Amino acid sequence: MDDLQTRTETAVAAACAAATHDALETLRVDALGKQGWVSQLMKTLGKMTPEERQEKAPRIQAARAAIANAIEARKAALDAADLERKLATETLDLTLPAPQLPTGSVHPVSQVMDELAEIFADLGFAVKTGPEIEDDWHNFTALNMPESHPARAMHDTFYFPDSDAEGRRMLLRTHTSPVQIRTMVQEGAPLRIIAPGRVYRSDSDATHTPMFHQIEGLVIDKGIHLGHLKWTLETFLKAFFEREDIVLRLRPSYFPFTEPSVEVDVGFELVDGKRVLGGSGDEPGHAWMELLGSGMVNRRVIEFAGLDPDEWQGFAWGLGVDRLAMLKYGMDDLRAFFDGDRRWIDHYGFSPFDQPTLSAGVGAKA
Ligand code: DAH
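Because the structure is predicted, anything quoted here is derived from the model rather than measured.

S.K.: I'm lost on the overall build of the chain in this one. Help?
M.R.: A tally of helices and strands in the chain yields 12 helices and 11 strands. Computed over C-alpha atoms, the radius of gyration of the chain comes to 38 Å, more than 25% over the 21 Å expected from 2.2 N^0.38 for 366 residues, which places it beyond the range of a compact globule. Taking the principal axes of its C-alpha atoms as reference, the chain extends roughly 115 × 60 × 35 Å. Scored against the burial criterion, the 366 residues of the chain give a buried share of 43%. Pairs at least 24 residues apart make up 66% of the contacts formed inside the chain by residues separated by at least 6 positions. For the chain, the exposed surface amounts to about 20000 Å²; the carbon and sulfur share of it is 54%. In the chain, the 38 positive side-chain charges and the 56 negative ones have mean positions that sit 6 Å from each other.

S.K.: Explanation requested: the site of the ligand in the structure shown.
M.R.: Taken together, 15 residues sit near the ligand, with His175, Ser177, Arg201, Gln214 and Glu216 positioned nearest. A distance of 3.0 Å is found between an oxygen atom of the ligand and a side-chain nitrogen or oxygen belonging to Gln180. Contact between the ligand and Glu216: an oxygen atom at 2.6 Å from a side-chain N or O atom of the residue. Against a free-state accessible area of 360 Å², the protein chains account for coverage of 91% of the ligand. Every element with two or more residues in the shell around the ligand is listed here: β6 (211–221), β10 (286–297) and β11 (313–320).

S.K.: What is the right way to read unusual backbone geometry from this model?
M.R.: For residues other than glycine, phi is negative in most cases, and the peptide bonds are mostly trans. In the segment running from Ala189 into Pro190, the intervening peptide bond is cis, with an omega of -5 degrees. For Pro190, the position within the fold is in the loop between α8 (178–187) and β5 (191–200). In this model, Glu259 is joined to Pro260 through a cis peptide bond whose omega is 0 degrees. As for its placement among the helices and strands, Pro260 is situated in strand β8 (residues 258–271). Phi at Glu242 takes a positive value of approximately 55 degrees, unusual for a residue other than glycine. Along the chain, Glu242 turns up in the loop between α9 (226–241) and β7 (248–255). Of note, Asp272 is a non-glycine position whose phi angle comes to about 50 degrees, a positive value. Tracing the chain through its elements places Asp272 in the loop between β8 and β9 (274–277).

S.K.: In this structure, what is going on with the environment of Val297? I would like to understand it.
M.R.: Turning to its location among the elements, Val297 is positioned in strand β10. Remark: the alpha-carbon pair of Val297 and Phe241, spanning 56 residues in sequence, is separated by 26 Å.

S.K.: It is not clear to me how the sheet that holds strand β4 (residues 169–172) should be interpreted in this structure. Could you clarify?
M.R.: Paired through their backbone hydrogen bonds, the strands of a sheet run either parallel or antiparallel. Strand order in the open sheet formed by 3 strands is β2-β4-β3, with antiparallel pairing between adjacent strands. Each edge of the open sheet carries a strand with a single partner, namely β2 (133–135) and β3 (159–163). Taking each pair of neighbouring strands and ignoring which way they run, the sheet shows an average axis angle of 30 degrees.

S.K.: Can you help me understand the pairing of β7 in this one?
M.R.: The side chains of a regular strand alternate, first on one face of the sheet and then on the other. Both β7 and β8 contribute to a ladder of 7 bridges, which runs antiparallel. For Leu250, the partnering residue across the bridge sits in β8 and is Val264. What sits between β7 and β8 in their antiparallel hairpin is a turn of 2 residues.

S.K.: Whenever I open this one, the side chain of Asp135 confuses me. Can you help?
M.R.: Among the secondary structure elements, Asp135 is positioned in strand β2. Among the polar contacts made by the side chain of Asp135, one reaches the side chain of Arg168 at a distance of 3.3 Å. Ignoring sequence-local partners within four residues, the contact set of Asp135 consists of Arg168, Arg169, Met170, Leu171 and Arg182.

S.K.: What is the right way to read the packing of aromatic side chains from this model?
M.R.: Each aromatic ring pair is summarised here by two numbers: the centre-to-centre distance and the angle between the ring planes. Counted under the stated rule, the structure contains 13 aromatic pairs. Taken together, a centroid distance of 6.0 Å and an interplanar angle of 65 degrees make the contact between Phe125 and Trp317 edge-to-face. Of this pair, Phe125 sits in the loop between α5 (108–122) and β1 (126–127) while Trp317 sits in strand β11; the two residues are 192 residues apart in sequence, bridging distant segments of the chain. Each member of the pair, Phe125 as well as Trp317, carries the same accessibility label: buried. Relative to Phe338, the ring of Phe337 has its centre 6.0 Å away and its plane inclined at 55 degrees; by these criteria the two rings are tilted. With a relative accessible area of 31%, Phe338 lands in the partly exposed category. Clustering of aromatic rings is evident, with ring pairs tying together Phe120, Phe125, Phe236, Phe240, Phe241, Phe315 and Trp317. Positioned over the ring face of Trp37 is Arg7, at 4.4 Å from the centre of the ring.

S.K.: Would you mind showing me how to read the domain arrangement of the chain here?
M.R.: Interfaces are frequently sized by the accessible area removed from exposure as the parts join. Segmenting the chain into domains produces domain 1 (4–89) and domain 2 (108–348). A separation of 79 Å is found between the C-alpha centroids of domain 1 and domain 2.

The rules behind the values
Residues numbered from 1 in each chain as written. Predicted model: local features only at pLDDT ≥ 70, side-chain atom pairs only at ≥ 80, totals over all residues. Heavy atoms only, no water. Helix = DSSP H or I, 4+ residues; strand = E, 2+ residues; numbered from the N terminus. Rg over C-alpha atoms; globule rule 2.2 N^0.38 Å. Buried < 20%, exposed > 50% of the residue type's maximum accessible area, 1.4 Å probe, protein only. Contact = heavy atoms within 4.5 Å. Areas by Shrake-Rupley, 256 points an atom, 1.4 Å probe, with all protein chains shown as cover. Lys, Arg positive; Asp, Glu negative; His and termini not counted. Charge placed at Lys NZ, Arg CZ, Asp CG, Glu CD. Near = heavy atom within 4 Å. Polar contact = N/O pair within 3.5 Å; in protein donor to acceptor, adjacent residues only side chain to side chain. Pairing = 2+ DSSP bridges. Axes fitted to C-alpha atoms, helices over the stretch in contact; angles between N-to-C directions. Phe/Tyr/Trp six-rings, centres within 6.5 Å; stacked < 30°, edge-to-face > 60°. Lys NZ or Arg CZ within 6 Å of the ring centre and 35° of its normal. Domains from an automatic or database assignment.

If you want it as structure tokens, here you go:
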């Protein structure tokens, strides 16, 4: 047993003198590891007589505690020394320029949608959304386009190969108009909403991409007429393009979901090859450009949505958000909107701090 005392003292002294974490670890394994000598001694306790065990167990346990404490204390001292060394040698040069902040900007489509939401919020419109994977009924039938309707063919629809669990034919919505139906069904009347979002058509060239963005507008109330439609669009376009001289021309047209339907043209002038909105298209040097589709909501659509068309009337419109962005901010190729090229977004993107507000102006300053 004196042997135990000597071995313990030797181990404690070695721990106190260990110069590195590695040396300390070797020492720990040697004494306290599974095969270490202290652990082996612990195992002998089982074979002793109770009297012998009573005498030796406390001594072996004390030896184990003394060595473990010595290792722990030395480990703390080595850690502290490491830290001291780092503090003494590693320096931070505060005179160096700060590293470049991560940059990021708001896509023109998001920016324009924010601008539209801000303008229409001021006119009392709420923002609604609907699913991009839509069923045939909401996208077509309820908008007065039955199965055989020729207008369905105009939409170049992406259909899913299989019907859903309830046997509905599913598709990628071809326009935001189904949000009209969903909102009327869910909320009834009266309503003033806009519905921005992605839409899909199988079409691709410099001015068409298979996915693009629309914004739908819908007003349902009593005694609504075309005058309300014209005032609303004029007010919105003047606010959006930030000029008072926006002139609209309403042209008779056809959409299954509106009756009467009107196509809205806006006057513009070519400046350095770019279209600048403003003035009548009939003025010298000016022309008309088709901007959006609209009309009085068809009675059949109001019925499909579960409302009484003798009580409720309304108007609706739909327009391309990407095109609106191109017109306002001067890009000329739609495909670049979705290329994800950093140089493009650095050039055309907007600061996230530049929120459109009516008080500061909806036009971005970037
Ligand atoms: N849904 C039409 C389209 O994608 C656009 C449209 C026209 C929407 C007239 C309307 C509307 O709400 O009244 O081509």
